[in-house]
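Chain and residue survey
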Amino acid sequence: MEFETLFCCPLCSCQTIKNTQVTYDLALNLPGSFTRVQCCKCGLIYLQRRPERSQMHQYYPSNYEPYVGAIQDERWILRRIARRFSLHLKINFVYRLAEKRKGTILDIGCSTGVFIDGMRARGWDVFGIDINKEAISHARDRFGLNVFQGDLLDTKFNPGQFDVVTAWDVLELSLIHI
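In this text the structure is predicted, and so the values were computed from the model without any measurement.

Before going further, it helps to examine the sheet that holds strand 4 (residues 45-47). As summarised here, the arrangement of the 3 strands in space is 2-3-4, forming an open sheet in which the pairing is antiparallel. Two strands bound the open sheet, and with one partner strand each, they are strand 2 (17-24) and strand 4. The average angle at which neighbouring strand axes cross in this sheet is 30 degrees, direction not considered. Note that strand 3 (residues 33-39) and strand 4 share 3 bridges and pair antiparallel. Among the inter-strand pairings, Arg36 is bridged to a residue of strand 4, identified as Leu47.

Below, the structure is given as structure tokens:
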């Protein structure tokens with residue numbers, strides 16, 4: 001496994017950081033540790049050491065949990081309830097932090113589109129991107145979503161195009177702005 005190390009903040013380029021937590025891949029038990037650091041200037045929390053872009057697909061195999069389809073397709077009722085609750089928490093989190101009750105949202109790592117479909121149902125203009133081809137196909141076919149397959153760096157979004165950008169369970173970004 002090849003890793004890259006960031007020596008400055010990807011948001012403001014500050015080189016003064018503090019360690020916050022060391023984590024491991026608990027989902028797939030892949031090798032490596034991941035140190036989250038916080039920029040002392042802008043407050044961004046990000047992974048200082050992360051897998052190289054070419055290695056990222058190993059962390060998102062087809063059986064990756066978020067690539068499960070629509071909530072209403074869940075076979076077990078308790079699983080449906082748990083997924084609806086999780087979706088509700090994410091949507092409420094965005095509503096609590098967003099300055100607008102409706103706007104344009106980009107979900108990086110949108111998976112099968114369940115979250116952005118929920119945001120669209122609440123009046124938002126939604127866009128998504130994910131590296132998994134099957135997940136993107138599901139998001140398009142099942143929900144009719146405006147989603148793109150690939151890496152965020154390959155897109156041509158305009159600066160300021162989105163009111164909100166989310167990245168749930170996205171290892172390579174792991175960004176939190178405080």
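The structure having been displayed, the exposition proceeds.
This part takes up the sheet that holds strand 6 (residues 104-108). In space, the 4 strands of this open sheet follow the order 8-7-6-9, with parallel pairing throughout. Whereas interior strands pair on both sides, the edge strands pair on one side only; in this sheet they are strand 8 (147-149) and strand 9 (164-166). The mean inter-strand angle of the sheet, taken between neighbouring strand axes irrespective of direction, is 15 degrees. Both strand 7 (residues 125-130) and strand 8 contribute to a ladder of 3 bridges, which runs parallel. Each bridged residue has a counterpart across the sheet, and for Asp130 the counterpart in strand 8 is Gln149. Against the sheet, helix 3 (residues 133-143) contacts strand 7 and strand 8, and its axis sits at roughly 160 degrees relative to strand 8.

Moving on: the side chain of Asn132. By secondary structure assignment, the location of Asn132 is in the loop between strand 7 and helix 3. Here the side chain of Asn132 touches Ala135 through a polar contact of 2.8 Å, landing on its backbone nitrogen.

For helix 2 (residues 114-121), the complete set of buried residues consists of Val114, Phe115, Ile116, Gly118 and Met119. For helix 2, the elements touching its buried residues are helix 1 (77-97), strand 6, strand 7, helix 3, strand 8 and strand 9. Downstream of helix 2 by one or two residues, Gly123 has phi in the positive range, about 100 degrees.

For the rest of this paragraph, the subject is the packing of aromatic side chains. If you walk through the whole model with that rule in mind, you get 8 aromatic pairs. Note on Tyr95 and Trp124: the rings are 6.4 Å apart at their centroids and 80 degrees apart in plane angle, and the pair reads as edge-to-face. One end of the pair, Tyr95, is in helix 1; the other, Trp124, is in the loop between helix 2 and strand 7, and 29 residues separate them in sequence. Judged by relative accessible area, which is 16%, Tyr95 ranks as buried. Pairing Phe148 with Phe157 gives two aromatic rings, centres 5.6 Å apart and planes at 75 degrees, and the pair type is edge-to-face. The exposure class assigned to Phe148 is partly exposed, which follows from its relative accessible area of 30%. Residue class for Phe157 comes out partly exposed when judged on its relative accessible area of 22%. Note that Arg49 overlies the ring of Phe3, its terminal NZ or CZ placed 3.8 Å from the centroid.

Cut-offs used in this document
- Residues numbered from 1 in each chain as written.
- Predicted model: local features only at pLDDT ≥ 70, side-chain atom pairs only at ≥ 80, totals over all residues.
- Heavy atoms only, no water.
- Pairing = 2+ DSSP bridges.
- Helix = DSSP H or I, 4+ residues; strand = E, 2+ residues; numbered from the N terminus.
- Axes fitted to C-alpha atoms, helices over the stretch in contact; angles between N-to-C directions.
- Contact = heavy atoms within 4.5 Å.
- Polar contact = N/O pair within 3.5 Å; in protein donor to acceptor, adjacent residues only side chain to side chain.
- Buried < 20%, exposed > 50% of the residue type's maximum accessible area, 1.4 Å probe, protein only.
- Phe/Tyr/Trp six-rings, centres within 6.5 Å; stacked < 30°, edge-to-face > 60°.
- Lys NZ or Arg CZ within 6 Å of the ring centre and 35° of its normal.

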